[in-house]
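# Observations on the three-dimensional arrangement
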Amino acid sequence: MSRTEAPPLPEPLRVPVADSHTHLDMQDATVEEGLARAAAVNVTTVIQVGCDVAGSQWAAETAAAHPNVHAAVALHPNEAPRIVHGDPDGWSRQGAREGGGQAALHEALAEIDALAALDHVRGVGETGLDYFRTGPEGMAAQEESFRAHIEIAKRHGKALVIHDRDAHADVLRILADAGAPERTVFHCYSGDAEMARICADAGYFMSFAGNVTFKNAQPLRDALAVAPTELVLVETDAPFLTPAPYRGRPNAPYLIPVTLRAMAEVKGVDEDTLASAVFDNTARAFDY
């Protein structure tokens, strides 16, 4: 079995569900192929998420062209320091870049602000903090960018989509300090059960990805177990985080049923009940 080979289509869900976070622009299939495969297993809606200005523009255009695609637009937490300080290794998809300082960051945020005003853009994200890939020198740029995105989401009445990697305490602190938007989503939720209780008390949505199926992910399953069903979403984050038993192979929205069934088992409910709740939760979170 090739590591690059796409996993087979799972048994379709009986109740339609939405993929709350995907990157169609990073997947091998065309948008039309990806959506058709998803629809074949009853994944009827996807949130296409931007990570930089170009990707956010693409997300907005794709959502405008497809009624079952909604867009979220943002500078990823790792993108902000690259804009300010440069990206000599060309790690992001844009190749090597010179740093443009604060002025370049403000210019990029103004582009995101303009996109966030569009009707088919339903979210501002993924934004937040990432201490895994960005060191101390990039933290100030990340925080400034995160606070700006919170303000943009509130001003346009859009959902805030959070990327939180190894930064739980600071993400929660900034949300409390700046005042979270009415609808806030922790994408690829990565906290423990204690943090899930904090998020639940604040009314934050928690979106679980394929990594909830990984052997070593018991803390994630414990968090899912205590997360109120009305605040739970499901996502692929495709092409990343492919659920077991296909871990390491390319992910896509059509694999949502694999993750959702594993989640239903953790929650102790049948898959139709969870699918129905998640479908409603996603529509409520992104106000579509």
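It should be emphasised that the depicted structure is a prediction, and the values quoted were computed from it without experimental measurement. (Residues numbered from 1 in each chain as written. Predicted model: local features only at pLDDT ≥ 70, side-chain atom pairs only at ≥ 80, totals over all residues. Heavy atoms only, no water.)

## Brief notes about the pairing of strand 6 (residues 121-130)
Our working rule: Burial classes follow relative accessibility: with a 1.4 Å probe on protein chains only, a residue under 20% of its type's maximum area counts as buried, one over 50% as exposed, and anything between as partly exposed. Each helix is a run of DSSP H or I of at least 4 residues and each strand a run of E of at least 2, with the numbering of both proceeding from the N terminus. Two strands are said to pair when DSSP picks up at least two bridges between them. Handedness rule for crossovers: strands pointing away from the viewer, path from the first strand over the helix to the second running clockwise, crossover right-handed.
Of all 10 residues that make up strand 6, 10 are buried, and the element is covered over most of its length. Sheet topology note: the strand 3 (residues 69-73)/strand 6 ladder contains three bridges and is parallel. Looking across to strand 6, one finds that Ala-71 is bridged to Val-121. As judged from the six bridges shared by strand 6 and strand 7 (residues 159-165), these two strands associate in the parallel manner. For Asp-130, the partnering residue across the bridge sits in strand 7 and is Arg-165. In this fold, strand 6 hands off to helix 5 (residues 139-156), which returns the chain to strand 7; that crossover is right-handed.

## Regarding unusual backbone geometry
The general pattern is negative phi for most residues beyond glycine and trans for most peptide bonds. Along the chain, Gly-125 connects to Glu-126 via a cis peptide bond; the corresponding omega equals 15°. For Glu-126, the location among the structural elements is in strand 6. With an omega dihedral of 5°, the bond running from Ala-244 to Pro-245 counts as a cis peptide bond. When you line up the elements, Pro-245 lands in the loop between strand 10 (232-234) and helix 9 (256-267). A positive phi is found at Asn-42, a non-glycine position, where the angle reads about 75°. One non-glycine residue, Cys-188, lies in positive phi territory at about 45°. Positionally, Cys-188 belongs in the loop between strand 8 (184-186) and helix 7 (193-202).

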